[in-house]
Amino acid sequence: MNRSHPAKTKKHVLRDYNEMTVRKICSCITGTGSDIYTQERVFTFNRVEIKVQPSVKVKNGAPMSIVCHADISKSTNFQLKHNFTIFKDGKLVFMTVSGKGDARYEIPVARSSDTGDYECTVEADGKAKSSNSLHVWVTGMTKPILTAEKKEVLEGEVVKLRCELPEEVPPLYFFFRKIKMNSTPKEKFVFEPHRNFSVMEFSVEEDDNILQFDCFGRRNVKLEFESSKHSNTTLVTVREPFIKPTLNAKPSSNITEGDRIQFECSTVVAQMRDIEIILQKNKTILSSVRDEKLLKYSAVATLEDSGEYLCKVEQGRTSKTTKLNVIVSELFPKPILAASMSKLDENKELTLNCSISGFQKANFSILRKNSNGDICLKNSGNLTIIVNVNDTGSYICKAEVKGIVKESKPVRINVYAPVSKPTLSVASGLPEVVLGKPLQLICRSVMGTPPITFRFYKGNEIKKTVINDTYATFLDKNITQNDKRGYKCDARNNHSSGMKTSNILNITVIVPIRNASLGSIPYEEVEDGSETVFLCSVNEGSWPIRFRIFRKTDREVLLFEKNENADRVMWRKEAMNRRDTGTYYCMASNRANVDVKSRPITISVVLAAWQKGVIAAFVLILIAGAVTLTLWWFLCKKKKAKGPSMEMSGSALATNLTSEKLTRQHNDGDYYSGSGYIEDSENHMKSTDENKGPDLESAEVEYTEVEVSTLDPHRAPVQKGTETVYSEIRKANNDSVENRHSRIQGHPDAT
């Protein structure tokens, strides 16, 4: 029977059992073994139980037994070998083979390390079954052992301690205690996750003589803490490297200021090495010595020297101190500086007087304080001067008796120059403000000793009071369009001249542009070459107003710009052309610096009436020309077909008709000057034969050129000219003339 197998876990043991079972089965098959069953043996595990005796909670040092019981059912009464294995916290602690159904793991002396979760497994003939887990708690811990590195130490050294729980298993907590007579023990603790001992150091402090140390352990079991007994007590003796220092004051700790006082601080040292003596007052080091047993320090006593003095001796980590209280009596009180007045105008007289109450024999001096050092004005108790602005400052006086110098409290003297007349201006520069925006004013006084009190007025109403050095500002957010009240400010300081008032500042309120619009005459459609009038207007806005008119096609083109002291402007575009077609808009702005844009309008430039007539006439001329060419071609073709007789007859008839027509017109006094048409009321002739046939459509036209003389009724002598007369003769097949028309084209010289 093995009591403990810490190297094997439950998993490894079950694997070994399975391998042994396989070897047995193979041996039976091959016939090499002797365990050949002649009859079938059947068994089964009902349950496996684990128990602890006497109970699951055992005292430390008491005996304890872990019992594993297997309940098995068999088909026949045959002998069965059982392999029992007991595990603690998953690690093998016990193993045995038995023919019985029980196995016992005996622990004669239980320790806290035996606390844990136990489980047993039973294996027989290739079958195995495990019990449930059972927690066993061994209450109580072993008493720890405490040892000290040294039994005797010096002040300032450290004591090294070692506390051990030899029979306990980590993790563990170790608690160390330093015990002094008539004081509460100092305790420290350390957590050790991997070992059953710990080490701790304690420093030896001043006044430590005989020290006692002990320790105890603690562990955590199922979220419950269990503590051990306290260890043995270890004594450590402390030796002093030097004695507590002594501090004396000579001639006494109660002296009068002006007397010399001497301090002596001494000690007795066991070993003169790295020792230092320090004299302090209010954490200020007055003197110090090294590697010496005595320190001396002397000074002339003053009232400020009263207080507590401390002598400290240090060597390594050890230090000891001694305190002494010193009282210095006053020889004479502080002087008092009095001024005839603390606030006065420049060029006035100032008197300063320094005195000591109930004491006359002293050396006085009057000084003015300065950052670079006090300036002595007079070595006397009285001073009278005519002041100017530069004399403003703090003044003190000093009194000296028996080498003791005392200083009075400072007296503040303020010398004032009168303020100059303030100037009121607008922060932006110009005396104007945009409606709806705040107005910031600045009141400035070039001369005058600060502080200066400024007051701002709107009309006669005080709006703001400011105390500053040279200027003040006021922001008026309540600006209205019809506000006519002016602004002013006044300034004053502590000078007796009183208040100065600025000139009245009138502010122009600029009304921003509102609702710009653009119109044109004519509207939308304009004839080419005609005049167009554009009118840009606004509903509201302060003058002058800057008007601009733009045309927008693929880009914006500025066409017109003008500053006008009116709410509208007119621009005439004299000759519009097709390139002027596009979208137009106008923009208006004033000193409010806000551009207001109108809605756009569209202008289309179309052809003029005369241009349309020219185009129509040109088209008609083309049509007439085409018709004329067609007739001419047709007549020429017919003329060639009729022969010469018809040509002669037609020519004679045309000549006679033309001559007769011209003669009648001359006799009647009718004429036309220049080029024109002459038409007779009888230029239409009817044929004696009223029958009109289809040959009327094929009438031929002949033209005969003749020279005629015309008279100018307004001039003499008679001018001669040549005119070309065209006669049109329409012929029918039956030789009847249906129509006749004469056209006379004037000669170029004819008038």
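Residues numbered from 1 in each chain as written. Predicted model: local features only at pLDDT ≥ 70, side-chain atom pairs only at ≥ 80, totals over all residues. Heavy atoms only, no water.

(A) Structural detail: the overall build of the protein chain. On a plain count of helices and strands, the protein chain comes out with 3 helices and 55 strands. Split into buried and exposed, the 751 residues of the protein chain put 37% on the buried side. Once local pairs closer than 6 in sequence are excluded, the contacts in the protein chain between residues at least 24 apart make up 63%. Approximately 44,500 Å² of the protein chain is accessible, and the part contributed by carbon and sulfur atoms is 50%. (Helix = DSSP H or I, 4+ residues; strand = E, 2+ residues; numbered from the N terminus. Buried < 20%, exposed > 50% of the residue type's maximum accessible area, 1.4 Å probe, protein only. Contact = heavy atoms within 4.5 Å. Areas by Shrake-Rupley, 256 points an atom, 1.4 Å probe, with all protein chains shown as cover.)

(B) Layout of empty space enclosed by the protein. Tallied over the full model, the rule gives 1 cavity of 30 Å³ or more. Reported here for the largest cavity is a volume of approximately 60 Å³. Considering the residues around the largest cavity, the lining is formed by Lys458, Ile479, Thr480, Asp483, Arg485, Tyr487, Ile507 and Val509. Looking at the lining of the largest cavity residue by residue, the classes come out as 4 nonpolar, 1 polar and 3 charged. (1 Å grid on protein atoms, 1.4 Å probe; cavity = no way out; pocket = protein on both sides within 12 Å on 5 of 7 lines; lining within 4 Å. Points joined across faces, edges and corners; volume = space filled by probe spheres on them. Nonpolar A, V, L, I, M, F, W, Y, C, P; charged D, E, K, R; others polar.)

(C) Representation of the side chain of Glu276 in the model. Mapping Glu276 onto the fold places it in strand 22 (residues 275-281). For Glu276, a relative accessible area of 19% puts it in the buried group. In this structure the side chain of Glu276 is engaged in a polar contact, spanning 3.1 Å, whose partner is the side chain of Arg290. Excluding anything up to four places from it in sequence, Glu276 contacts Ser288, Val289, Arg290, Lys312, Val313 and Glu314. (Polar contact = N/O pair within 3.5 Å; in protein donor to acceptor, adjacent residues only side chain to side chain.)

(D) The packing of aromatic side chains, seen in detail. The full count for this structure, using the stated rule, is 14 aromatic pairs. Over the ring of Phe202 we find Lys188; its NZ or CZ atom is 4.7 Å from the centre of that ring. Positioned above the aromatic ring of Tyr457 is the side chain of Lys488, whose terminal nitrogen or guanidinium carbon lies 5.2 Å from the ring centre. (Phe/Tyr/Trp six-rings, centres within 6.5 Å; stacked < 30°, edge-to-face > 60°. Lys NZ or Arg CZ within 6 Å of the ring centre and 35° of its normal.)

(E) Inspection of the sheet that holds strand 10 (residues 145-148) at higher detail. The 3 strands lie next to each other as 10-12-15, forming an open sheet whose pairing is antiparallel. Where the open sheet ends on each side, the last strands, each with one partner, are strand 10 and strand 15 (197-203). Across the sheet, the axes of successive neighbouring strands diverge by a mean angle of 20°, strand direction being ignored. Two elements, strand 12 (residues 158-164) and strand 15, share 7 bridges in a ladder whose sense is antiparallel. (Pairing = 2+ DSSP bridges. Axes fitted to C-alpha atoms, helices over the stretch in contact; angles between N-to-C directions.)

(F) Focus on a nonpolar patch on the surface. On the surface, Leu607, Ile615, Phe618, Val619, Leu620, Leu622, Ile623, Val627 and Leu631 cluster together into a nonpolar patch covering about 840 Å² of accessible area. As for its placement among the helices and strands, Ile615 is situated in helix 2 (residues 609-642). (Patch = residues over 30% accessible without salt bridge, like charges linked within 9 Å, V, L, I, M, F, W, Y side chains within 5 Å. Salt bridge = Lys/Arg side-chain N within 4 Å of Asp/Glu carboxyl O.)

(G) The arrangement of the nonpolar core in detail. In terms of nonpolar packing, the biggest core is built from 27 residues, with Phe45, Met64, Ile66, Ile86, Tyr105 and Tyr118 touching the most fellow members. When neighbours within four sequence positions are excluded, Ile66 is seen to be in contact with Ile50, Lys51, Val52, Ile86, Ala103, Arg104, Tyr105, Tyr118 and Val136. Formed by 21 residues, the second largest nonpolar core is a distinct cluster that contains Ala516, Trp571, Ile601 and Val605. (Core = buried A, V, L, I, M, F, W, Y, C linked by side-chain atoms within 4.5 Å.)

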